[in-house]
Amino acid sequence: MTGYATRGPLGGGGVVAERETEREHALLARVRAMEEAVGAIGTTLDETGTCRELAAFAARRLRATATVDLLAEPGAPPWRAAHAEPPERAASAAPAAGAATHPADTSGGLPPSAPTASGGAAGEVAPGGLPPSVPTAEGGAGPGALPPPAPTASGGAEGGAAPGALPPFAFSAPGGAPGALPPSSPTAPATAAARAASGDTALAGTAPGGARHRLSLPLAVDGEEPAGTVTLTRGGPPFTADEAALLRYAARLAARHLGHARRLAAAEDAALHLQRALVAEPGRPHPNLEIAGGYLPAGPRALVGGDWFETVRLHFGRSLLVVGDVMGHGLDAAVDMNAYRNALREAAATDLPPHRVLRHLDSVVAEDDARRPATVLLVRVDPARGTATFASAGHLPPAVFHADGSAELVHLTVGPPLGTGVGGYEPTTRPLDPGDTLLLFTDGLVERRGEDIDHSLARLASLRLPRDPGPDRVVEEVLGRLGAHSAEDDVAVLAARIRVRPHQ
């Protein structure tokens, strides 16, 4: 009796202290894993990139196959956004006598839980998936035992969930639990998406005979609709409560970044539509002129800028072609671009020659200190006479593509950019044959970092297009051959050709 009394309290106290120490190590490891998640998830403002980062983190940390399914909108079917495998699959080997029932995690993941009072291995999970520290009904700490529910007045368990409902963490006992799906079930993805939509969490394990376990969590933050679901599957031991807590944190973190990415995508989409409305709908020229235009923003983030093109219908079958570039990028440049565009329309309506339109615009802009300078090229096309009259305010010269596909630059007098108040714009007139296609463009089409502008223009003039290229073909070929889709600056182009009418 004396030996039992001495051994009981001291031995029990030592086990409790050891378990507390192990638990502290487990909590510290979880904090470190959470810090890693902060640095690894959401490094870009891209929805798919965030999903891939979440899947990679979960697969690496929790040693499981990870999939991320997103919901485009509530009620829509989910789509697979990311998939990741663990860096190495644990070898299926029989555990040594007295060893833990699952292989040690060497990937820097969460450490196993503290040993049980009965001497079980640290992190050992009962067949039902319960941590060994849950006390039994008799007050022990037997593996897999649940505390007895407090009886209600009607004899039920106090606080019990409604039939079929899942608690925040649902551990399945051998044979399955409500909501647990075997890995081979064809309805597993749909059920996972349904759980994500309802905000439920499923931590499910198969029977001991099947070696697959599933952990599914919604991508949601408090009070928000789930953006989708993240699902882990693996063989071997069931998922522990620590692993589920880490995945829940990572899922919430990813959900927050997904919300930011979606709001940014919506803002960019609105800005792009606004910019396209400004530059892709020029005024209608006379029917005796064929035109085609194109605009490419500089990269995925700079969706608005100061490049634009325009056509203005004049008297006697003539049309005024315009291409311009306001200094700078972003919304401020786009605002100034719209102001230039409106002022030019008003000046062109007076039917002044191109160089006098530029003089008028320069004097008006010079009076406004807040207005940014801009380069502008005007071309008045007269199909009846077969001529084109040019006037340039600091802009690059246009090119003419002939019917045989060859190209040449138009040599003209270049004045200062608009807004300087200096003036000095002069007209240049040259013939324009019916088979010639005139190309106006902004500097983003030809300029390249570290390259002399003369070499850039020579590369454009050396292009050889198929015979008889029309405006649409010229725009397509030039943008493609000069790599305009990856240019560092905005690109606006406008092509025009005199329409040949059949003789009556």
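Definitions and cut-offs
Residues numbered from 1 in each chain as written. Predicted model: local features only at pLDDT ≥ 70, side-chain atom pairs only at ≥ 80, totals over all residues. Heavy atoms only, no water. Helix = DSSP H or I, 4+ residues; strand = E, 2+ residues; numbered from the N terminus. Buried < 20%, exposed > 50% of the residue type's maximum accessible area, 1.4 Å probe, protein only. Contact = heavy atoms within 4.5 Å. Areas by Shrake-Rupley, 256 points an atom, 1.4 Å probe, with all protein chains shown as cover. Phe/Tyr/Trp six-rings, centres within 6.5 Å; stacked < 30°, edge-to-face > 60°. Lys NZ or Arg CZ within 6 Å of the ring centre and 35° of its normal. Pairing = 2+ DSSP bridges. Axes fitted to C-alpha atoms, helices over the stretch in contact; angles between N-to-C directions. Core = buried A, V, L, I, M, F, W, Y, C linked by side-chain atoms within 4.5 Å. pLDDT = per-residue confidence, 0-100. Parallel < 35°, antiparallel > 145°, perpendicular 65-115°, else oblique. Left-handed = near helix turned anticlockwise from the far one by under 90°. Nonpolar A, V, L, I, M, F, W, Y, C, P; charged D, E, K, R; others polar. Salt bridge = Lys/Arg side-chain N within 4 Å of Asp/Glu carboxyl O. Expected span 1.5 Å × (residues − 1). Arc of directions from axis to C-beta.

Caption draft 1: Here's a closer look at the overall build of the chain. Of the regular secondary structure elements, the chain holds eight helices and 16 strands. Evaluated residue by residue, the chain yields a buried proportion of 44% over its 504 residues. Contacts in the chain between residues far apart in sequence, at least 24 positions, make up 66% of those at least 6 positions apart. With the model as given, the accessible surface of the chain reaches about 24,700 Å², and the carbon-plus-sulfur share is 57%.

Caption draft 2: Geometry of the packing of aromatic side chains. Scanning the entire structure with this criterion turns up one aromatic pair. A centroid spacing of 6.4 Å and a plane angle of 20 degrees characterise the contact between W308 and Y340, whose relative ring orientation is stacked. Of the two residues, W308 is situated in strand β7 (residues 305–313) and Y340 in helix α5 (residues 330–348); the sequence distance between them amounts to 32 residues. A cation over an aromatic ring shows up here: R234 above the ring of F239, its NZ or CZ 4.2 Å from the ring centre.

Caption draft 3: Broad picture of the environment of L457. Counting through the fold element by element, L457 comes out in helix α7 (residues 453–461). Considering only alpha carbons, one finds L457 and D443, 14 residues apart in sequence, at a separation of 9.6 Å. If sequence neighbours within four positions are ignored, L457 has contacts with L396, P397, L409, F441 and V446.

Caption draft 4: The sheet that holds strand β6 (residues 289–296), seen in detail. Spatial strand order, β6-β16-β15-β11-β12: five strands in an open sheet with antiparallel pairing. Of all the strands in the sheet, just β6 and β12 (407–409) have a single pairing partner and so form its edges. Each adjacent strand pair in this sheet contributes to an overall mean axis angle of 20 degrees, direction not counted. Pairing of strand β11 (residues 399–401) with strand β15 (residues 437–441) involves three bridges; the strand directions are antiparallel. Residue A399 lies in a different strand from β15, and its bridge partner there is L439. In the packing of α7 onto the sheet, contacts are made with β11, β12 and β15, and the angle to β12 comes to roughly 150 degrees.

Caption draft 5: Focus on helix α8 (residues 471–481). Of the residues making up α8, those classed as buried are P471, V474, V475, E477, V478 and L479. In this structure, the buried side of α8 is in contact with β6, β11, β15, α7 and β16 (491–498). Just past α8, the residue G483 takes up positive phi, approximately 65 degrees.

Caption draft 6: Region of the structure containing the nonpolar core. Core analysis: the biggest nonpolar cluster contains 34 residues, and I41, L54, V68, L219, V230, L232 and L247 have the highest contact counts within it. Looking at this core, the elements with two or more residues in it are α1 (2–40), α2 (47–62), β1 (65–71), β2 (78–84), β4 (213–218), β5 (228–234) and α4 (241–279). For this core, the element with the highest residue contribution is α4, accounting for nine residues. Setting aside its immediate chain neighbours within four residues, I41 contacts T50, E53, L54, F57, A250, L253, A254 and H257. In this structure, A292, F441, V474 and L482 belong to the second largest nonpolar core, which totals 25 residues.

Caption draft 7: The arrangement of the confidence of the model for the chain in detail. For the chain, the mean per-residue pLDDT works out to 75, and 69% of the residues sit at or above 70. Here residues 1–10 scores under 50 on pLDDT; set against residues more than four positions off or in separate chains, the count is two contacts. Ignoring residues within four places in sequence, the model shows residues 204–209, a span with pLDDT below 50, making 14 contacts including any to other chains.

Caption draft 8: Seen up close, the packing of α5 against helix α6 (residues 354–366). Two numbers describe how α5 lies on α6: the axes approach to 10 Å, and their chain directions differ by 135 degrees. By the criterion of interaxial angle, the relationship of α5 to α6 is oblique. For the crossing formed where α5 meets α6, the hand is right-handed. Here Y340, A343, L344 and A347 of α5 come into contact with α6, specifically with V357, H360, L361 and V365. Partitioned by chemical class, the residues of the contact of α5 with α6 number seven nonpolar, one polar and no charged.

Caption draft 9: Expanded view of the pattern of salt bridges. If you walk through the whole model with that rule in mind, you get 24 salt bridges. A salt bridge links E477 to R481, with the shortest nitrogen-to-oxygen separation between them at 3.0 Å. In this pair, E477 and R481 both sit in helix α8, four residues apart, roughly one turn of the helix. Using a relative accessible area of 16% as the deciding quantity, one classes E477 as buried. By relative accessible area, which is 43% here, R481 ends up partly exposed. Each of D336, D368, R371 and R372 takes part in a single network of salt bridges with overlapping partners.

Caption draft 10: Quick look at the side chain of H355. Within the element layout of this structure, H355 appears in helix α6. Dropping the residues within four chain positions of it, H355 is found in contact with A391, Y425, E426 and P427.

Caption draft 11: Main features of the pairing of strand β9 (residues 374–382). Summarising burial for β9: nine of the nine residues are buried, a large majority. Going residue by residue along β9, you find A374, V376, L378, R380 and D382 tucked away on one face and T375, L377, V379 and V381 tucked away on the opposite face as well. Relative to β9, strand β8 (residues 319–329) runs antiparallel, the two being bridged by eight bridges. Opposite L321, over in β9, you have V379 as the bridge partner. Across seven bridges, the pairing between β9 and strand β10 (residues 387–393) is antiparallel. When the bridges of β10 are listed, D382 appears paired with T387. Hairpin remark: β9 followed by β10, antiparallel, with four residues in the connecting loop; positive phi at G386, about 70 degrees.

Caption draft 12: Structural detail: α5. Taking 1.5 Å of rise per residue, the 19 residues of α5 would be expected to cover 27 Å, and the 27 Å separating its terminal C-alpha atoms lies within 8% of that figure. Those residues of α5 not exposed but buried are A333, A334, D336, M337, Y340, R341, L344, A347 and A348. Along the axis of α5, the buried residues cluster in a sector spanning 165 degrees; they form a single face. Across from the buried face of α5, at angles greater than 90 degrees, the exposed residues are L331 and E346.

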